Amino acid sequence: MVDEIPNVAPGIAGRARHRGRGGSDAARRLWTGAPPGPDPFALPRGPLGRAAGWALALTGRGHNAELIAALRVPPGAAVLEVGHGPGVLLGMLAAVPGTSVTGVDPSPEMVRMARRRNAAAVRAGRLRVAEGRADATGLPAASVDLVVTVNTVAMWPRLDPGMAEFHRVLRPGGRAVVAWHRLPPRFALAPAELAEVERALAARFGAAGRTVLRRSVVFTAVR
Ligand SMILES: C[S@@+](CC[C@H](N)C(=O)[O-])C[C@H]1O[C@@H](n2cnc3c(N)ncnc32)[C@H](O)[C@@H]1O
């Protein structure tokens with residue numbers, strides 16, 4: 001049985017499933033330079049955004065559990081999560097022994113929610129959470145061993161500025177991981193869109209790999 005895990009913006013999902021009258025997939029209008037619209041899952045704001053954050057936290061646990069296992073985070077690694085939303089994966093990353101974790105998200109509501117959810121790790125100095133975007137994380141160059149982003153890449157206005165920022169903040173040998181969910185199928189990216197993400201990552205890093213998990217597709221590149 002396949003779990004239905006609605007942890008992506010309905011607007012994004014709607015765009016993913018637009019079909020032409022002939023039944024063929026219409027081209028998606030992603031990465032046009034426009035920021036996310038009013039969809040509370042794409043950029044959670046205000047009371048609706050907070051509700052979206054709770055929904056993401058409740059429904060995304062399975063995805064995050066699968067990802068944390070697949071990531072094989074080295075103990076002691078400096079890790080950056082971009083677009084952490086309510087902060088479930090941040091907590092899992094901070095629980096890996098010796099890690100030093102930073103989370104950035106453009107939504108002040110998600111920053112507050114992630115801080116509250118992981119208050120003990122924040123107090124212990126193992127986790128910092130701040131406002132930031134894929135293309136502007138605020139971290140120094142060559143300062144992290146792993147940068148990961150989950151279910152955010154379709155919300156980026158453009159792909160290359162984010163990939164360039166991931167490349168900038170990684171130490172030589174560090175890993176960039178860009179994940180997008182496959183389930184439920186209506187929220188999946190189209191094959192051409194997945195290819196575009198892979199191409200953008202490879203263009204910045206020289207090469208990129210793809211792993212298909214049960215719930216997510218995961219692109220990886222090494223600096
Ligand atoms: C669908 S939620 C996913 C949240 C979380 N990663 C998860 O899987 O539950 C999308 C998140 O991307 C963030 N976001 C939107 N635009 C972004 C950008 N340009 N860079 C980084 N994050 C962005 C939103 O604030 C939101 O927290």
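Treat the numbers as computed from the prediction; the structure is a model and nothing was measured. (Residues numbered from 1 in each chain as written. Predicted model: local features only at pLDDT ≥ 70, side-chain atom pairs only at ≥ 80, totals over all residues.)

Digging into the site of the ligand
Lining the immediate environment of the ligand, one finds 25 residues, of which Gly83, Gly85, Ser107, Ala134 and Thr152 sit closest. A class-by-class count of the residues in the shell around the ligand yields 15 nonpolar, eight polar and two charged. (Near = placed C-beta within 6 Å. Nonpolar A, V, L, I, M, F, W, Y, C, P; charged D, E, K, R; others polar.)

Points about the packing of helix α7 (residues 159-169) against helix α8 (residues 191-205)
Two elements in contact, α7 and α8, have axes separated by 9 Å at closest approach and are oriented at 45 degrees. By the angle class used here, α7 and α8 are oblique. The two elements α7 and α8 cross, and the hand of that crossing is right-handed. The residues of α8 that touch α7, namely those facing Leu159, Asp160, Met163, Ala164 and His167, are Glu196, Val197, Ala200, Leu201, Arg204 and Phe205. (Axes fitted to C-alpha atoms, helices over the stretch in contact; angles between N-to-C directions. Helix = DSSP H or I, 4+ residues; strand = E, 2+ residues; numbered from the N terminus. Parallel < 35°, antiparallel > 145°, perpendicular 65-115°, else oblique. Left-handed = near helix turned anticlockwise from the far one by under 90°. Contact = placed C-beta atoms within 7 Å.)

Points about helix α3 (residues 61-71)
Residues His63, Asn64, Leu67 and Leu71 constitute the buried set of α3. Each buried residue of α3 sits inside an arc of 90 degrees when the element is viewed along its axis, so together they form one side. Contacts made by the buried residues of α3 are with α4 (88-94), β4 (144-150), β5 (170-181) and β7 (216-222). Just downstream of α3, Arg72 is the residue with a positive phi angle, here 45 degrees. (Buried ≥ 20, exposed ≤ 12 C-beta atoms within 10 Å, placed from the backbone. Arc of directions from axis to C-beta.)

A few points about the sheet that holds strand β2 (residues 100-105)
Either a parallel or an antiparallel arrangement is found when strands of a sheet pair, and the pairing is made through backbone hydrogen bonds. Across the sheet, which stays open at both edges, the seven strands sit in the order β3-β2-β1-β4-β5-β7-β6 with mixed pairing between neighbours. Each edge of the sheet is formed by a strand with only one pairing partner; in this case those strands are β3 (127-131) and β6 (209-212). Taking each pair of neighbouring strands and ignoring which way they run, the sheet shows an average axis angle of 20 degrees. Bridging between β5 and β7 involves seven bridges; their strand directions are antiparallel. Note on β7: the bridge partner recorded for Val177 is Thr220. Contacting β4, β5, β6 and β7, α3 crosses the sheet at an angle of about 30 degrees to β7. With respect to the sheet, α8 is in contact with β5, β6 and β7, its orientation differing from that of β7 by roughly 15 degrees. (Pairing = 2+ DSSP bridges.)

Just distances and angles here, no functional claims.
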